[in-house]
Amino acid sequence: MTEPSTHDHPDLVEEWVRTAATNRESFGHLFDHFYSLIFAYCSRRLLVRAIAEDVTSEVFLKVAKAIRDTQCVTTEDFRKWLFRITTNEINAHLRKTIRRREILDAAVKMGAVGKEACVKLLSHDVEVDWEQVYRAIGELTQREQSIISLRFFSSLSHDEIAAVLQLKSGTVRVALNRALNKLRERLQQLQTDVLLTSSRRKRG
Amino acid sequence: MNQEPENQWQELFDQLPTAPLSHDDHEQTLRQQALDVYDRPETSSWKHHLKSTGEYLMTHKISRWTATAAAALAAIWFLIPGNSNSTFAMDTFIKVISNAKMVQYQSTVGTIGSSTTTTLKTYCSDDNRMRMETLDGSVITIVDTERGKIVTLVPSLKTATFIDTGQAPEHLDRLQTKNWLVDFRDMIQSAQENETDLSAKPLGEQEIDGVTLAGFRVGFASNLVTVWANPQTGKPNRIEVDSFGTQVVMTDFEFNIELDESLFSTEIPDGYTTKDFDVSKLPTEEDLIQSFRIYSELANGEFPKTITRDMGKQYIELIGQENLIDDDNNLSQDVMDQVVAFQNGFLFAALMPMESQAHYAGQGVSRSTSERPIFWYKPEGQDSWRVLGASLKFRDSKVAPDVTDAVQLNIGQLND
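Here is what the cut-offs are and how they apply
- Residues numbered from 1 in each chain as written.
- Chains lettered and ligands numbered in written order.
- Predicted model: local features only at pLDDT ≥ 70, side-chain atom pairs only at ≥ 80, totals over all residues.
- Heavy atoms only, no water.
- Helix = DSSP H or I, 4+ residues; strand = E, 2+ residues; numbered from the N terminus.
- Buried < 20%, exposed > 50% of the residue type's maximum accessible area, 1.4 Å probe, protein only.
- Contact = heavy atoms within 4.5 Å.
- Areas by Shrake-Rupley, 256 points an atom, 1.4 Å probe, with all protein chains shown as cover.
- Axes fitted to C-alpha atoms, helices over the stretch in contact; angles between N-to-C directions.
- Parallel < 35°, antiparallel > 145°, perpendicular 65-115°, else oblique.
- Left-handed = near helix turned anticlockwise from the far one by under 90°.
- Salt bridge = Lys/Arg side-chain N within 4 Å of Asp/Glu carboxyl O.
- Expected span 1.5 Å × (residues − 1).
- Bend = angle between axes of the 7 residues up to and from the residue.
- Polar contact = N/O pair within 3.5 Å; in protein donor to acceptor, adjacent residues only side chain to side chain.
- pLDDT = per-residue confidence, 0-100.

*Asks:* What is the right way to look at the overall build of chain A in this model?
*Replies:* For chain A, the count of helices and strands is 10 helices and zero strands. Along chain A, from the amino end to the carboxyl end, the secondary structure elements read α-α-α-α-α-α-α-α-α-α. Residues counted as buried form 53% of the 204 residues belonging to chain A. Here the contacts in chain A between residues at least 6 apart in sequence split such that 65% fall between residues at least 24 apart. For chain A, the accessible area works out to roughly 8800 Å², and carbon and sulfur atoms hold 48% of it.

Listed below in structure tokens is the structure:
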């Protein structure tokens, strides 16, 4: 996961957050600091580079429009606000069926997930591929997809996710647990389908 | 919570191939574009204030319905600066709304074009719980959005229906996270971010029940909201929302009244028969056909006036309350199963996603007019339509039927 520029001192970033509403240069620095983080998150979520660029653009243009009215005073506030806008943009994008298909087409090219990780999580000794993982994610509710993405694509804590999605932390924990169970069941089902198909082919 | 599963999933996702870098010039081009937007001065002071108001509402913990209503009023106020006929103490109104922990109101839900309405007493808490009950208390629905539970109780029959909305498919996601009021709040927020789709019309003042009220009408996408409020205090007196053929009228607002926590409890009371409604298994066309068949057989060949949330109640009226009791003077489980199956079929229609453009045109139609279309929708991803005629057979059609008095259905008919 790409992190913001490490050479930017935390106090400096916070100063930019506090002054960005009135200081153009501060806003520019915030852009430089957070661009790669947001683009990387969009890339993992949307898989197609051009689409990730489009969504990243929407995010920062919205930030530019709204920065003067934001209530953010800390870096953490700003980061959560940024991810909230990003989540909303991604969800709006994914409401279009054709976009979901584009993600699956891109996931096909990513090949298989490592076997060791699969065996730990799923019961069968059969690899899953990334297309199956993204398909299973795509079958979750919008909220569950957001929670999983924020948790595993951007390493946000439960509390941070709760702040981004304006939920209670407890709700996030419960929803995440439920979503992961659904994900596991779906992937196990997909693995079983693969095994059955393979078995039929051998018999045929 | 056990961290082990999460760690295992993290191991899996850590194996995602490295995200590609953006194209060489994307970052620099976007940076310049963002700075250009940053530099663009606000063209209207009301827009600036609307965004401030919207941001204030979204970052403070207030009940969601009040956020939508407040933002709507904020939009109107600042779109008509200096209009003294429609002025009211905005700050006072926002304070009332922002301090609301609980709101009680009466809502009347109807389908445009139909005289059938349902009036409910509604209670909303700022932690996203809601209780709706018919005025006579015969049907009570409790929604706990955070926990993903919906419970409907019929005290006279001691029956309960339980829905775990966490299992809902994607297009029913609004069952899980939001009702039409929260939808409205999201549209306000989107409008705030995009500075688009805000069109407001002042309606001047009028006297309702001896009280002078100021009115505004706001359009957001396909929702039309009309607000009548006290011009001095900003307290809403009446809010009307028109959305996809459904109209909700909210009146008799009371804020922050003390209520027993048990009113929002989703625990099934002792002695109730519970039916779990599995939202992960959607009803099918065949279920809908069966429900129409049952209804028309009981109603002398006629189809229902409309398809609403209380089809089960209509079924009970058709079979007669006395038939709910078996020979041992107990509630007949068989009959209750029939009620649920009957209602389930109509849910196929009522739960259609908006994109399906489902329509119902069965009012006043009988089975004898076999070719008359009574219901149609467009399946996801298809250009053609599925049309159900009065003969209760589906057919494919390239175009939607052109039938007068057809009413478009929407998921909002499950929730008000």
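*Asks:* What's the story with the overall build of chain B in this structure? I'm lost.
*Replies:* A count of helices and strands for chain B gives 10 helices and 17 strands. For chain B, the share of sequence-separated contacts (at least 6 apart) that also reach a separation of at least 24 residues comes to 54%. Just so you have it, chain B exposes about 19300 Å², and 46% of that area is on carbon and sulfur atoms.

*Asks:* Whenever I open this one, the packing of helix α8 (residues 142-152) of chain A against helix α9 (residues 158-165) of chain A confuses me. Can you help?
*Replies:* To characterise two packed helices, one gives the angle between the axes of the helices and the distance between these axes. Residues and elements named next belong to chain A. Where α8 contacts α9, the axes come no closer than 10 Å and their chain directions differ by 135°. Taken together, the axis directions place α8 and α9 in an arrangement best described as oblique. The way α8 lies across α9 gives a crossing that is right-handed. In this structure, α8 contributes Ser-146, Ile-147, Leu-150 and Arg-151 to the contact, and α9 contributes His-158, Ile-161, Val-164 and Leu-165.

*Asks:* Please explain the pattern of salt bridges as it appears in this structure.
*Replies:* Pairing between side chains becomes possible if they bear opposite charge and their charged atoms approach one another. Scanning the entire structure with this criterion turns up 16 salt bridges over all chains. Between Asp-32 of chain A and Arg-31 of chain B there is a salt bridge whose closest N-O contact spans 2.7 Å. Placement of the pair is Asp-32 of chain A in helix α2 (residues 24-46) and Arg-31 of chain B in helix α2 (residues 26-39), with the two residues belonging to separate chains. Residue Asp-32 of chain A is classed as partly exposed on the basis of its relative accessible area, which comes to 28%. Of the charged contacts in the structure, one is a salt bridge between Arg-129 of chain B and Glu-261 of chain B, with a shortest N-O distance of 3.0 Å. On the criterion of sequence distance, the pair formed by Arg-129 of chain B in strand β3 (residues 129-134) and Glu-261 of chain B in the loop between β11 (246-255) and β12 (273-277) is long-range, its members being 132 residues apart. Given a relative accessible area of 12%, Arg-129 of chain B falls into the buried group. Residues joined in a network through salt bridges with shared partners are Glu-14, Glu-15 and Arg-18 of chain A.

*Asks:* Looking at this structure, how should I read α2 of chain A?
*Replies:* Since the α-helix packs 3.6 residues into each turn, any two residues three or four apart lie on the same face. Residues and elements named next belong to chain A. For α2, spanning 23 residues, the distance from its first C-alpha to its last is 30 Å, which sits close to the expected 33 Å at 1.5 Å a residue. Phe-34 marks the point of greatest bend in α2, at about 45°. Counting buried residues along α2, 18 of its 23 residues qualify, which places the element largely inside the surrounding structure. Between the side-chain oxygen at the start of α2 and the backbone nitrogen of Glu-25 there is a gap of 2.9 Å, and the oxygen is on Asn-23. One or two steps after α2, the chain reaches Leu-47, where phi turns positive at roughly 70°.

*Asks:* When you look at the confidence of the model for chain B in this model, what are you seeing that I'm missing?
*Replies:* Reading predicted coordinates in detail is not appropriate for stretches of low pLDDT. Residues and elements named next belong to chain B. Predicted confidence across chain B gives a mean pLDDT of 70, with 61% of residues reaching 70 or more. Low confidence marks residues 173-185, where pLDDT is under 50. Its contacts with residues over four positions away, or in another chain, come to 47 contacts. Predicted confidence is poor over residues 411-416, with pLDDT under 50, and the contacts of this stretch with residues over four places away or in other chains come to 28 contacts. Interface confidence for the predicted complex, expressed as ipTM, amounts to 0.88; the pTM equals 0.43.

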